[in-house]
Amino acid sequence: MSQNAKGALLALLAFAVYATGDVAVKVLGGVYSPIQVIFFSGLFSFPLAMFMIMRDPQPGTLLPAHPWWTVFRTLATLITGFSAFYAFSVLPLAQTYTILFASPLLITVLAIPLLGEKVRLRRGLAVLVGLAGVLVVLRPGQADLSLGHIAALVAAFGGSFASVIVRKIGADERPIVLMLYPMAANFVVMGALLPLVYLPMPIEHIGLLALLATFGTAGGLIIIAAYKAGEAVIVAPMQYSQILWATFYGYLFFEESMNWNTSVGAGIIIASGLYIVLRESGGTASRNTPVLRTRSRPETGTNMRISPFLKIRLGRKTTE
């Protein structure tokens, strides 16, 4: 088996694990506030963070080299986690994923003011087509725009903003710093708000929280292995396989079905995202960029996964 084939298979496994964890997010979101679930999910993730700190061979302190950008990224991660969790709780899984798939398009747009990148005609058209796909899903004027849809859009934008900041400061920051500050902020902020929304949890729901943290950790480790094995241009598009798992799990556990608008919109968004990924692959992304060893999870804010599309962009200064 070739290294690229191995990377693709590992990525498919990682995104299957992530999608399975999102079933737990949806189940818990039907009962508890996002504040409570994000807090306890983060709490279960702290032992892994401590283990990573102890094993991190890179010298330096835990003070950020770019404190203000770290603050902005931490705030974006907080907002993204809360918004994404709410979206998963109230929207069909496939529809939530479809809106979140707009992230590589938004990363391309945000890279213009934040990184000074230039987006030329063909890539600009791909972004516009992809954003049109989002409108197909939302159907403005034909269907009511719910809080869940707004939350998914906020999560897509916030996750993209946080990812572009990683691109901006990632070369100077230790991976553990990029991971630890958002995790600590989630713990402090959600912990402060927890008394307002807390509901006692039976043992089976505590088990689901532990499962959510475990799946997030396992998915992160597998996707790291995937990027070590294969090229980013092969691994990154595997993220779109989540739409298949979302459709399957939505039907199996929640009696959901993908409507025509979501199917067409997902196809448009995925096609334009793939085009951007293939265009980016013409660049020279470093396989050794330190930030790539840490993955954050913009969908729920509880795990460690950076958008795989950022892997391709980290080594680029301009876009075509």
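Refer to the structure printed above.
None of these values were measured; they are calculated from a predicted model.

Draft legend 1. Layout of helix α6 (residues 121-138). Here α6 is 18 residues long and its end C-alpha atoms lie 26 Å apart, about the 26 Å a rise of 1.5 Å per residue gives. Where α6 terminates, the next one or two residues include R139, which has phi positive at roughly 50°.

Draft legend 2. Expanded view of a nonpolar patch on the surface. Together, L43, F187, V188, V189, L193 and L196 make up an exposed nonpolar region whose accessible area comes to about 520 Å². Considering each element in turn, the nonpolar patch owes the most residues, five residues, to helix α8 (residues 175-197). Relative to the helices and strands, F187 is located in helix α8.

Draft legend 3. Local environment of the packing of helix α3 (residues 67-90) against helix α7 (residues 147-169). Running from amino to carboxyl end, α3 crosses α7 at an angle of 150°, the nearest separation of the two axes being 7 Å. It follows that α3 is roughly antiparallel to α7 by the angle criterion. As for how α3 packs across α7, the hand of that crossing is left-handed.

Draft legend 4. The nonpolar core, seen in detail. Ranked by internal contacts, the top residues of the largest apolar core, which has 47 residues, are V37, Y97 and F101. Those residues in contact with Y97, other than ones at most four positions away along the chain, are Y18, A19, D22, F88, Q242, I243 and A246. Counting 15 residues, the second largest nonpolar core, distinct from the first, contains I222, V233, V235 and V277.

Draft legend 5. Examining the packing of aromatic side chains more closely. All told, the structure shown has 14 aromatic pairs when counted by the stated rule. Ring centres of F39 and F40 lie 5.1 Å apart, and the angle between their planes is 80°; this geometry places the pair in the edge-to-face category. You can call F40 buried: its relative accessible area is 18%. With 6.5 Å between their ring centres and 35° between their planes, W68 and F72 make a pair best called tilted. Taken together, the residues span about one helical turn, with W68 and F72 both in helix α3 at a distance of four residues. For F72, a relative accessible area of 37% corresponds to the partly exposed category. Against the face of F254 rests K26, its NZ or CZ located 5.5 Å from the ring centre.

About the thresholds
- Residues numbered from 1 in each chain as written.
- Predicted model: local features only at pLDDT ≥ 70, side-chain atom pairs only at ≥ 80, totals over all residues.
- Heavy atoms only, no water.
- Helix = DSSP H or I, 4+ residues; strand = E, 2+ residues; numbered from the N terminus.
- Expected span 1.5 Å × (residues − 1).
- Patch = residues over 30% accessible without salt bridge, like charges linked within 9 Å, V, L, I, M, F, W, Y side chains within 5 Å.
- Areas by Shrake-Rupley, 256 points an atom, 1.4 Å probe, with all protein chains shown as cover.
- Salt bridge = Lys/Arg side-chain N within 4 Å of Asp/Glu carboxyl O.
- Axes fitted to C-alpha atoms, helices over the stretch in contact; angles between N-to-C directions.
- Parallel < 35°, antiparallel > 145°, perpendicular 65-115°, else oblique.
- Left-handed = near helix turned anticlockwise from the far one by under 90°.
- Core = buried A, V, L, I, M, F, W, Y, C linked by side-chain atoms within 4.5 Å.
- Buried < 20%, exposed > 50% of the residue type's maximum accessible area, 1.4 Å probe, protein only.
- Contact = heavy atoms within 4.5 Å.
- Phe/Tyr/Trp six-rings, centres within 6.5 Å; stacked < 30°, edge-to-face > 60°.
- Lys NZ or Arg CZ within 6 Å of the ring centre and 35° of its normal.

Honestly, that's just the spatial picture; any functional story needs more than this.
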